[in-house]
Amino acid sequence: MRIGIIGCGVVGAAIAFDLSQTHQVIVWDAQSQHQWQATGAALGVLMAAITPKLKGKHLKLRLESLQLYETLIPELEAITVLSLPYNRQGILRLCFDGDELNRWHKTQQVRAQQGFHLEILEREQLLHTYSHLSTAHLWESKESVVGAVYSPQDRQIDPVALSTALITAAQKKGAEFYFNTPITGFKPSSENDPQFLTHACSSTESYPVDWIILAAGLGSMPLTTTLKQTVPIYPVLGQALHLRRQTPLLEPMPVVNGDQVHIVPINASEVWVGATVEFPTEVGEAVEADPNQLTNLHQRAIALDASLANANILKTWSGLRPRPHERPAPIIERLPDYRNVVVASGHYRNGVLLAPITAQKVRQLLSN
Ligand SMILES: Cc1cc2nc3c(=O)[nH]c(=O)nc-3n(C[C@H](O)[C@H](O)[C@H](O)COP(=O)(O)OP(=O)(O)OC[C@H]3O[C@@H](n4cnc5c(N)ncnc54)[C@H](O)[C@@H]3O)c2cc1C
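Numbering of residues begins from 1 in every chain and follows the order in which that chain's sequence is written. Where totals are concerned, whole chains, interfaces and linings use all residues; where local detail is concerned, this predicted model gives features only for residues with pLDDT of at least 70, and gives and counts side-chain atom pairs only at 80 or more.

**Q** So what exactly am I meant to see when it comes to the overall build of the chain here?
**A** Under the scheme used here, helices are H or I runs from DSSP no shorter than 4 residues and strands are E runs no shorter than 2 residues, and both carry numbers assigned from the N terminus. Counting its secondary structure elements, the chain contains nine helices and 20 strands. Based on C-alpha atoms, the radius of gyration is set beside the globule rule, defined as 2.2 Å times the residue count to the power 0.38. The C-alpha radius of gyration computed for the chain amounts to 21 Å, which stays within 12% of the reference 21 Å derived for 368 residues, consistent with globular compactness. In terms of overall dimensions, the chain has C-alpha extents of about 70 × 40 × 40 Å along its principal axes. Residue burial is a threshold on neighbouring C-beta atoms within 10 Å of the residue's own C-beta, all placed from the backbone, with 20 or more meaning buried, 12 or fewer meaning exposed, and counts in between meaning partly exposed. Scored against the burial criterion, the 368 residues of the chain give a buried share of 47%. The contact rule is simple: place each C-beta atom from the backbone, and if two of them lie within 7 Å, those residues are in contact. Taking as baseline every contact in the chain between residues at least 6 positions apart, the subset at least 24 positions apart corresponds to 73%.

**Q** What am I meant to see in the sheet that holds strand β18 (residues 312-324) here?
**A** Strand pairing in a sheet relies on backbone hydrogen bonds, with the paired strands running either antiparallel or parallel. Paired strands, as defined in this entry, are two strands with at least two bridges between them according to DSSP. Sheet architecture is open: eight strands sit in the order β6-β7-β5-β15-β16-β17-β14-β18, paired in mixed fashion. Single-partner strands in this sheet number two, and they are β6 (119-122) and β18. Geometrically, the sheet is characterised by an average inter-axis angle of 20° between neighbouring strands, direction not taken into account. In the sheet, strand β5 (residues 91-95) pairs with strand β15 (residues 255-258) via three bridges, with the strands oriented parallel. By the bridge assignment, arginine 93 is partnered in β15 with asparagine 257. All axes are obtained by fitting lines to C-alpha atoms, using only the stretch in contact for helices, and the reported angles, taken between N-to-C directions, cover 0 to 180 degrees. Along the sheet face, helix α4 (residues 98-114) touches β5, β6 and β7 (147-151) and points at about 160° away from the line of β6. Its contacts with the sheet put helix α8 (residues 291-304) on β5, β14 (233-244), β15, β16 (261-265), β17 (270-274) and β18, and the angle it makes with β16 is roughly 70°.

**Q** Would you explain the nonpolar core in this entry?
**A** Take the buried Ala, Val, Leu, Ile, Met, Phe, Trp, Tyr and Cys residues, join any whose C-beta atoms are within 7 Å, and the set you get is a nonpolar core. Residues Ile6, Ile15, Ala16, Leu166, Ile213 and Leu214 are the most contacted members of the largest nonpolar core, which totals 110 residues. It is helix α1 (residues 10-20) that contributes the most residues to this core, eight residues altogether. In this document the domain limits rely on a domain assignment from an automatic tool or a database. Inspection of this core shows a minimum of three residues originating in each of domain 1 (2-41 + 161-232 + 327-367) and domain 2 (91-152 + 234-324). If sequence neighbours within four positions are ignored, isoleucine 15 has contacts with Ile5, Ile213, Ala215, Ala344, Thr358, Ala359 and Val362.

**Q** Mind showing me how you'd approach the site of the ligand here?
**A** Lining the immediate environment of the ligand, one finds 41 residues, of which Gly9, Gly217, Gly219, Gly238 and Gly351 sit closest. For the shell around the ligand, the secondary-structure elements that each account for two or more residues are α1, α2 (38-41), β14, β18 and α9 (351-367). Any residue whose C-beta atom, as placed from the backbone, lies within 6 Å of a molecule or strand is termed near it.

**Q** How do you make sense of α9 when you look at a structure like this?
**A** Given 3.6 residues per turn, any residue in an α-helix points the same way as the ones three and four places further on. A helix is expected to span 1.5 Å for every residue after the first. With 17 residues, α9 ought to run about 24 Å at 1.5 Å a step, and its terminal C-alpha atoms sit 23 Å apart, in line with that. Note on bend: the value at a residue is the angle between axes fitted to the seven residues ending there and to the seven starting there. Maximal helix bending in α9 amounts to about 35°, located at isoleucine 357. Among all positions of α9, only Gly351, Val352, Leu353, Leu354, Ala355, Pro356, Ile357, Thr358, Ala359, Lys361 and Val362 are buried.

**Q** Help me understand the pairing of strand β11 (residues 193-201) in this model?
**A** Every other side chain in a regular strand lies on the same face of the sheet, so the side chains alternate between the two faces. Across five bridges, the pairing between strand β10 (residues 185-190) and β11 is antiparallel. Following the sheet pairing, serine 190 is matched in β11 by aspartate 193. Counting the residues in the hairpin turn of β10 and β11 gives two residues. In terms of strand pairing, β11 meets strand β12 (residues 206-208) through three bridges, oriented antiparallel. Of the residues in β12, the one forming a bridge with alanine 200 is tyrosine 207. The turn joining β11 and β12, which pair antiparallel and follow one another in sequence, is formed by four residues.

**Q** Explain the packing of α1 against helix α6 (residues 159-172) to me, please; I cannot follow it from the model alone.
**A** Each pair of packed helices can be described by the angle between their axes along with the distance between the axes. The geometry of α1 relative to α6 is characterised by a closest axis approach of 8 Å and an angle of 30° between their N-to-C directions. Between α1 and α6, the angle is such that the two are roughly parallel. Seen from above, α1 lies across α6 with left-handed handedness. The residues of α6 that touch α1, namely those facing Val10, Ala13, Ala14, Ala16, Phe17 and Ser20, are Pro159, Leu162, Ser163, Leu166, Ile167, Ala169 and Ala170. Grouping the amino acids of the contact of α1 with α6 by side-chain chemistry returns 11 nonpolar, two polar and no charged. For classification purposes, angles smaller than 35 degrees are called roughly parallel, those larger than 145 roughly antiparallel, those between 65 and 115 roughly perpendicular, and all remaining angles oblique. When the near helix sits turned anticlockwise from the far one by under a right angle, the crossing is termed left-handed; a clockwise turn instead gives a right-handed crossing. For this classification, Asp, Glu, Lys and Arg are treated as charged, while Ala, Val, Leu, Ile, Met, Phe, Trp, Tyr, Cys and Pro are nonpolar and the rest, including Gly, are polar.

**Q** Just to check I follow, could you spell out the domain arrangement of the chain for this structure?
**A** Interface size is commonly expressed as the accessible area that is lost once the parts come together. What the domain assignment reports for the chain is domain 1 (2-41 + 161-232 + 327-367) and domain 2 (91-152 + 234-324). The C-alpha-based centres of domain 1 and domain 2 are spaced at 32 Å. Listed per partner, the contact involves 14 residues of domain 1 and 13 residues of domain 2. Looking at the side of domain 1 that touches domain 2 element by element, the count peaks at three residues for α2. For the side of domain 1 that touches domain 2, the class distribution of residues is seven nonpolar, five polar and two charged.

**Q** Help me understand the pairing of β5 in this model?
**A** The element β5 is largely enclosed, with a buried count of five among its five residues. Covered by surrounding structure in β5 are Ile91, Arg93 and Cys95 together with Leu92 and Leu94, the residues of both alternating faces.

Here it is as structure tokens:
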């Protein structure tokens, strides 16, 4: 079977790698291999066990995808002969309210049944291991840290390194990639059967396919409009910072989370800090990065980790998260009225986390 995947961010790349093991795969991306959309802006935090949710479809996707990473990373490293920047030191979630910390005991029990270990640390235990967080507080209310939840099984991965490895591994399995090739339309098998598409078309070529996977992030919406089945997906902007500390930190170096901020260690000296969540004033309108929100993010990070106060800013950036309108993220389903089109888009804030499980779900949709 020849499967065409439109979009080569982390989601398209994960699907390409998975399907290339058993099918002929062809992938198109509108941009060059070194330009990235949402994937290039992401922090790569794989936050699953440490979410407060106890059950539900979304939690299940998160936990399953996190587990898939444990085999995916060594598999990719073996195929590409590269070492991937995969942080196995877990996620530390700071708590500023005793009641909130207590509520985690219930989550801890449920996670244990689901196969995940959470540790609840009182303030003294937290500061014993993480002395640089001794003055951690909420930036606005100034409330001090009362403890933390530590999830040793949550992870972080560099999203661009991961996507590049997925592409290389898929190529080694025979997948073909065409960059700088926006897909602009489709051809049906005949006028009598408009719901079976036989070709994906760029401005210059028509590529024969048996299945089409729309993994184009924000670009999926216009493609579904072309097919007269609009799936609304709109941008939510995120800004982030890359900082270098004056004094390197000693291990352990988990991702630190608190006050809606992730502090992501890249090495002993450098961290990524993110991310703002900025909506447009009207649904569907463009979103401009707000410098005040970036400043506020920076201040909240310093309130958590005072050693960041004199860190140098190496870089700031922003990206657009693809968010489904008035329905939960992500969208992984057959496009209504078409027999051979699957939408795998709208992963909003968790596309890196959910990429491996998305690939599995797409595979199931192709075989149903
Ligand atoms: C600041 C920030 C921080 C984030 N942090 C995290 C995090 O810590 N953890 C996490 O899990 N997620 C995070 N995310 C979310 C994550 O980035 C997204 O959910 C994910 O990257 C979506 O991947 P994608 O492949 O669907 O989309 P994209 O990466 O946007 O890729 C879509 C691709 O489709 C291509 N395309 C579009 N239209 C066409 C067309 N017509 N023809 C051909 N190609 C086309 C584009 O060129 C693009 O390369 C973050 C996002 C932001 C902005």
